[in-house]
Amino acid sequence: MAATVYYPFIRKAIDSRGLPSIDTPISKPKPTNLPLIDANTASKGSWVSALAISHGEYRLTPKGIAILGMGGGIKRARSAARKSFSDPAVGPAALLSSGCIEVKERIAWGKKPALLVAVVTRLVAENGNDPRRVTTESVEANHLEGMVAAAGSIYGALVEAGFAYSGSDIKKHFKAATFSDEKAYPWELTKVSNSFWDDRAMVRAALGWIMYKTGKSAVELDKDDFRIHGLAGMVAAKYKGSFVLALYKNGYIKKPKPSEAVDEVIRRRAPYLKERRFCKDSVDHILTVKQIKPVQITTAHFDELGLGPLLQRYDRNLNRILVAAGYAYSLDDAAKHAQNNRFMNDRIYPWEIDSHVGNDFWDPDSTKAVAFKWMLHKRSVDGVPKDPCEIVTADFRETGLSGLYAAGGNSVYLVEVCCGFAYSHREILIQVRNARFDGQKIYPWQLNKLANGFWKNTVNRGCALIWLSHSFPDGSKKVSDLVLLDFKLSGLASLYQFYRGNATKMSADASDARSVAARLSI
């Protein structure tokens with residue numbers, strides 16, 4: 001058999017399990033005389049570049065992710081590789097020779113159950129020994145898309161490796177009313193398709209499981225229980241957002257009379273819910289009379305309808321009263337959602353109210369950071385949050401966060417700095433002085449749109465050149481040795497226009513940046 005080429009992650013999994021050589025996959029083919037893709041092919045068949053990287057014959061290497069992603073992660077690296085792949089000046093041959101991509105190895109996962117178990121075991125271990133934390137991102141980062149495709153889904157791979165309960169296991173648990181935390185249930189994973197809930201047995205099992213997790217009976221469950229335990233998506237997709245309807249349709253509760261339900265709630269949680277109920281009734285009255293949505297409510301509506309005293313009780317803070325009425329999330333709720341990267345759509349967030357908040361609302365950087373993460377979620381595509389590098393001014397305007405943009409100095413870059421997503425100018429100079437670039441945050445030149453006149457500043461150009469020279473995994477490359485391809489692969493083609501191969505001018509700008517960094521006070 002030909003010599004085998006394993007990716008590091010798979011090789012570590014094989015070594016840790018002591019798998020015999022019989023599990024050796026087919027060695028990957030060697031490319032020969034790869035042609036460049038001409039401009040006509042690229043324009044007429046964009047699918048070529050769309051499928052070639054990671055979904056076709058080639059995949060990104062760790063070196064490619066480091067060079068092309070430049071701190072923006074796999075998604076940005078893949079996008080840059082696809083553009084270069086269809087560029088006649090670069091093409092697949094150049095990407096292969098630079099080590100940014102490689103030909104995929106072929107593994108017959110369906111015929112290698114021991115290998116699948118070994119790889120999934122290591123994948124779970126690297127995600128804190130919790131199968132519930134295995135995500136699409138961690139699969140892609142370790143080049144395991146083929147394994148997941150062979151198993152049907154991440155859940156399928158976890159079942160085959162013994163880390164998740166199968167459908168038959170779940171039905172047995174439901175029938176015996178004995179659930180367990182030993183393995184993962186499919187709805188505990190980060191993503192479950194809506195079609196999964198077409199199986200009513202799975203729905204009933206999930207409802208039984210949530211009672212097991214909360215220790216509550218069906219009549220005691222509330223909306224937050226479903227949200228906290230990851231079943232809000234099922235309720236939204238199959239039961240019009242009503243958890244009561246989900247319980248009723250699956251035989252867990254009887255259909256209550258409205259008055260009886262309210263009386264029972266007030267009897268069990270008297271003082272708090274009486275006021276909460278009054279808040280909700282008041283807000284509902286405004287929404288009905290004015291025929292508006294919760295996001296459109298203003299303090300004037302309360303005053304016009306004689307509800308000024310109620311608003312005064314909440315310091316005339318619309319968000320607080322909408323939280324009490326069950327229509328909005330508090331800032332603390334929003335911070336928890338941001339921490340878990342799980343924003344919801346069943347209530348509104350403080351910054352969504354049309355009449356909005358005062359300017360002092362944006363003073364804490366922590367509030368800016370939470371709202372910025374929410375914006376990334378709102379601009380997501382196919383469930384993947386938007387890359388911070390791709391955010392532009394229009395994103396703030398179209399999501400109603402113009403106030404955040406203004407509070408950040410009317411600059412995308414400055415907003416990302418105060419939100420903790422980008423390096424400040426001072427932080428960049430410190431990295432230049434120390435000759436160490438960790439890439440944990442975004443550099444200004446990695447944004448899709450640079451500020452006007454950014455490259456006219458000598459220090460900005462010098463910092464970018466030094467950063468580029470240190471971005472090669474095999475060691476630092478001299479600034480004077482940088483060539484056009486280096487600039488193109490790094491997304492800095494616009495910077496190259498200032499030099500056009502003039503090594504002396506590049507070295508002079510880099511020297512100026514180092515001088516400024518050396519004089520920087522600690």
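Before reading further, recall that the structure is shown in the block above.
Since this is a predicted model, take the numbers as computed values, not measurements.

Caption draft 1: Summary view of the pattern of salt bridges. Under the counting rule described, the total for this entry stands at 21 salt bridges. A salt bridge links arginine 132 to aspartate 130; its shortest N-O distance comes to 3.1 Å. For arginine 132, a relative accessible area of 19% translates into the label buried. Here lysine 280 and aspartate 284 are joined by a salt bridge, their closest N and O atoms 2.9 Å apart. Placement of both lysine 280 and aspartate 284 in helix H17 (residues 270-290) is noted, with a separation of 4 residues, approximately one turn of the helix.

Caption draft 2: Representation of the side chain of asparagine 127. Relative to the helices and strands, asparagine 127 is located in the loop between helix H7 (113-125) and helix H8 (136-141). For asparagine 127, a relative accessible area of 13% puts it in the buried group. A polar side-chain atom of asparagine 127 sits 2.8 Å from the main-chain carbonyl oxygen of leucine 123. Leave out the neighbours within four places in its chain, and asparagine 127 touches Arg133, Val134 and Ser138.

Caption draft 3: Region of the structure containing the packing of aromatic side chains. Enumeration over the complete set of coordinates arrives at 25 aromatic pairs. An angle of 50° between the planes, with centres 4.9 Å apart, marks the rings of phenylalanine 372 and phenylalanine 421 as tilted. One end of the pair, phenylalanine 372, is in helix H22 (residues 365-378); the other, phenylalanine 421, is in the loop between helix H25 (412-418) and helix H26 (425-434), with 49 residues separating them in the sequence. Judged by its relative accessible area of 0%, phenylalanine 372 is buried. Members of the aromatic cluster, connected to one another through ring pairs, are Tyr165, Phe179, Tyr185, Trp187, Phe196, Trp197, Trp209 and Tyr212.

Caption draft 4: Molecular detail of the side chain of arginine 76. Examined against the element boundaries, arginine 76 turns out to sit in helix H5 (residues 73-85). As a buried residue without a salt bridge, arginine 76 has its nearest oppositely charged side chain in aspartate 387, at a separation of 5.3 Å. In this view, arginine 76 contacts Leu68, Gly69, Asp387, Cys389, Gln446 and Asn448; residues no more than four positions away in its chain are not counted.

Caption draft 5: The packing of H26 against helix H27 (residues 458-469), seen in detail. Where H26 contacts H27, the two axes come as close as 10 Å, and the packing angle between them is 50°. Compared by their axis directions, H26 and H27 come out oblique. Note that H26 runs across H27; the crossing there is left-handed. Contacts between H26 and H27 involve His425, Ile428, Leu429 and Val432 from the first element and Val459, Asn460, Cys463 and Ile466 from the second. Grouping the constituent residues of the contact of H26 with H27 by class yields 6 nonpolar, 2 polar and no charged.

What counts as what
Residues numbered from 1 in each chain as written. Predicted model: local features only at pLDDT ≥ 70, side-chain atom pairs only at ≥ 80, totals over all residues. Heavy atoms only, no water. Salt bridge = Lys/Arg side-chain N within 4 Å of Asp/Glu carboxyl O. Buried < 20%, exposed > 50% of the residue type's maximum accessible area, 1.4 Å probe, protein only. Helix = DSSP H or I, 4+ residues; strand = E, 2+ residues; numbered from the N terminus. Polar contact = N/O pair within 3.5 Å; in protein donor to acceptor, adjacent residues only side chain to side chain. Contact = heavy atoms within 4.5 Å. Phe/Tyr/Trp six-rings, centres within 6.5 Å; stacked < 30°, edge-to-face > 60°. Lys, Arg positive; Asp, Glu negative; His and termini not counted. Axes fitted to C-alpha atoms, helices over the stretch in contact; angles between N-to-C directions. Parallel < 35°, antiparallel > 145°, perpendicular 65-115°, else oblique. Left-handed = near helix turned anticlockwise from the far one by under 90°. Nonpolar A, V, L, I, M, F, W, Y, C, P; charged D, E, K, R; others polar.

Interpretation note: all reported values are geometric properties and have no functional meaning in isolation.
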